[in-house]
Amino acid sequence: MQIASVGTSFPPHRYTQAEIAEALVERWRDKLPEPRLLTRFHLNCGVEHRYTVLPLEAYPSLVGFGATNGAWITAAVDLGEQAITRALAPIGLTAADVSAIFFASVTGIASPTIDARLINRMPFPTHVKRTPIFGLGCVAGAAGIARASDYVRAFPDQIALLLSVELCSLTWQDDDQSVANLISTGLFGDGCAAVVIAGDNVKLPGPTAGPKILATRSTFYRHTEHVMGWDIRDTGFRIVLSPDVPKVVLENLKGDVDTFLTSQSLTQSDITSWIFHSGGPKVLEAAEKALTLPPEALALSWKSLREVGNLSAASVLCVLEDTLTNHPGAPGTYSILAAMGPAFCLELILLQW
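Residue positions are given per chain, counting from 1 as you read along its sequence in written order. Reporting in this predicted model follows two pLDDT cut-offs: at least 70 for local features of residues, and 80 or more for side-chain atom pairs to be given and counted; totals over whole chains, interfaces and linings ignore these cut-offs and use all residues. Water and hydrogen atoms play no part in the side-chain values, which are based on all heavy atoms of the structure.

Per an unreviewed UniProt entry, the chain carries the name Chalcone and stilbene synthase domain protein and comes from Granulicella tundricola. UniProt positions are given in the numbering used here, feature names are shortened, and annotations may be inferred rather than shown by experiment. A UniProt comment under Sequence similarities (unreviewed entry) is attached to the chain, and it reads "Belongs to the thiolase-like superfamily. Chalcone/stilbene synthases family."

Q: Describe the pairing of strand S4 (residues 100–105), naming the residues involved and giving the relevant values.
A: Relative accessible area decides the class of each residue, using a 1.4 Å probe on protein chains only: under 20% of the type maximum gives buried, over 50% gives exposed, and in between gives partly exposed. Only runs of H or I of at least four residues qualify as helices and only runs of E of at least two qualify as strands under DSSP, and these elements are numbered from the N terminus. Taking burial as the measure, the 6 residues of S4 include 6 buried ones, the bulk of the element. Here a strand pair is declared whenever DSSP counts at least two bridges between the two strands. The pairing of S4 with strand S5 (residues 129–134) spans 6 bridges and is parallel. Residue pairing for S5: Phe-102 is matched across the bridge by Thr-131. The sheet contact formed by S4 and strand S6 (residues 159–167) spans 5 bridges and is parallel. Pairing of Phe-103 across the sheet is with Leu-163, part of S6.

Q: So what's going on with the packing of aromatic side chains? Residues and values would help.
A: Working definition: a ring pair exists when centres of Phe, Tyr or Trp rings (six-membered ring for Trp) sit within 6.5 Å. Plane angles under 30 degrees give stacked, over 60 give edge-to-face, the rest tilted. In the structure shown here, the tally under the stated rule is 7 aromatic pairs. Note on Phe-102 and Tyr-151: the rings are 6.4 Å apart at their centroids and 70 degrees apart in plane angle, and the pair reads as edge-to-face. Of the two residues, Phe-102 is situated in strand S4 and Tyr-151 in helix H5 (residues 140–154); the sequence distance between them amounts to 49 residues. Judged by relative accessible area, Phe-102 falls into the buried class, the value being 6%. Residue class for Tyr-151 comes out buried when judged on its relative accessible area of 11%.

Q: If you had to explain the side chain of Ser-9 to someone new, which residues and values would you point to?
A: Mapping Ser-9 onto the fold places it in strand S1 (residues 2–9). N or O atoms within 3.5 Å of each other form a polar contact, as long as, within protein, one can give a hydrogen and the other can take it, and as long as residues adjacent in sequence are counted only when both atoms are side-chain atoms. There is a polar contact of 2.8 Å between the side chain of Ser-9 and the backbone oxygen of Leu-79. Contact between two residues is taken to exist if any of their heavy atoms lie within 4.5 Å; hydrogens are not considered. Excluding residues that lie within four positions of it along the chain, Ser-9 makes contacts with Leu-79, Gln-82, Ala-83, Arg-86, Gly-191 and Cys-192.

Q: Could you give me a rundown of empty space enclosed by the protein, with the residues and numbers involved?
A: Points on a 1 Å grid over protein atoms alone make up a cavity when a 1.4 Å probe fits among them but cannot get out, and a pocket when they form an open set with protein on both sides within 12 Å along at least five of seven lines; lining residues each have an atom within 4 Å of a point. Grid points are joined across faces, edges and corners, and a volume is the space filled by probe spheres set on the points. The final tally for this structure, using the stated rule, is 1 cavity of 30 Å³ or more. Size it by volume and the largest cavity reaches roughly 40 Å³. What lines the largest cavity is Phe-65, Thr-68, Asn-69, Trp-72, Thr-107, Leu-170, Thr-171, Gln-173, Thr-235, Gly-236 and Phe-237. Counting residues per element, the lining of the largest cavity draws most heavily on helix H3 (residues 65–88), at 4 residues. Counting contributing residues per domain, the lining of the largest cavity is built from domain 1 (2–198) and domain 2 (212–352), each supplying no fewer than three. Marked domain ranges trace back to an automatic or database domain assignment.

Q: So what about the nonpolar core? Which residues, and what values?
A: One recurring pattern in soluble globular proteins is that nonpolar side chains are buried together. As used in this record, nonpolar core signifies buried Ala, Val, Leu, Ile, Met, Phe, Trp, Tyr and Cys residues forming a set joined through side-chain atoms within 4.5 Å. Judged by nonpolar contacts, the single largest core of 51 residues is most densely connected at Trp-72, Ile-84, Ile-114, Phe-124, Leu-163 and Val-196. Ranked by residue count, the leading element in this core is H3, at 11 residues. For Leu-163, the contacting residues outside a window of four places in its chain are Gly-80, Ala-83, Ile-84, Phe-102, Phe-103, Ala-104, Leu-118, Cys-192, Ala-193 and Ala-194. If you look at the next biggest cluster of nonpolar residues, it comprises 39 residues, including Val-245, Leu-253, Leu-261 and Met-340.

The following block contains the structure:
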């Protein structure tokens, strides 16, 4: 099993963090007891720029969940098509070569799902298998790769595609000035990523230098549903974001990584690179501390956070694209791809270049 390619796409609107903070302060001026609090939270998010699916001045006109979810569907299909094409074309493939689609998002809902709408727009086979995934949040990028690898392990002559579209700006809540919402409006951004996973017997027509998927592991932490997720209301998705997230990382990550590596007859010293979800400064710092990593180990995750923000499920896929394109491992070396998300849970993937 091999990660053959990654493609990303972003909305046309890109703003500095200061511009987004200024727009939200203006939008919520009468609702914020202390407007400078929002600005301070945004400055501390480690984000310098973000993409938004709409121009900032258009968001106040979106009233109610129906309007925001409709905007999500329209943009998700467009961005999804772009990302899929960018993932397939460089390795000489088209949608017609894909046997299974895994679609992950936690910022909107649709039935028929986004993958079904894309089948009507792109030349996917009539018998393509579809697996929509909702609710895994930030962990879904890693979990989606793991589930797609399970599929091609069973069908080694086939190609699976993972698509993640996350349009977090469409979840901003006008009636929620809680600390969690103020932080989330400064942290999360909009973006899309597609990953091509090829079975062992697939002969790709184009060049690829992606790593093999050797093993995966899912870990569920019981009774932590309060840590992260959505409180779904009439107005849409209201953020649940506990300050306990870094604590969960600190308490669990190292032990789970060590157990996973031991099962593969490896230790942490065998890992030459870490492809980690850009969860935010406190999450990345907790991961560095838990694993005793050198400052440069998560440099690509910090870079992604600065340049596009936390893209929920798509974040780790953007870090993966940067790794494949600009920092591939030496032949035979190992990498860990990791993400954590609602439940609370952890997904680990062992890669070999």
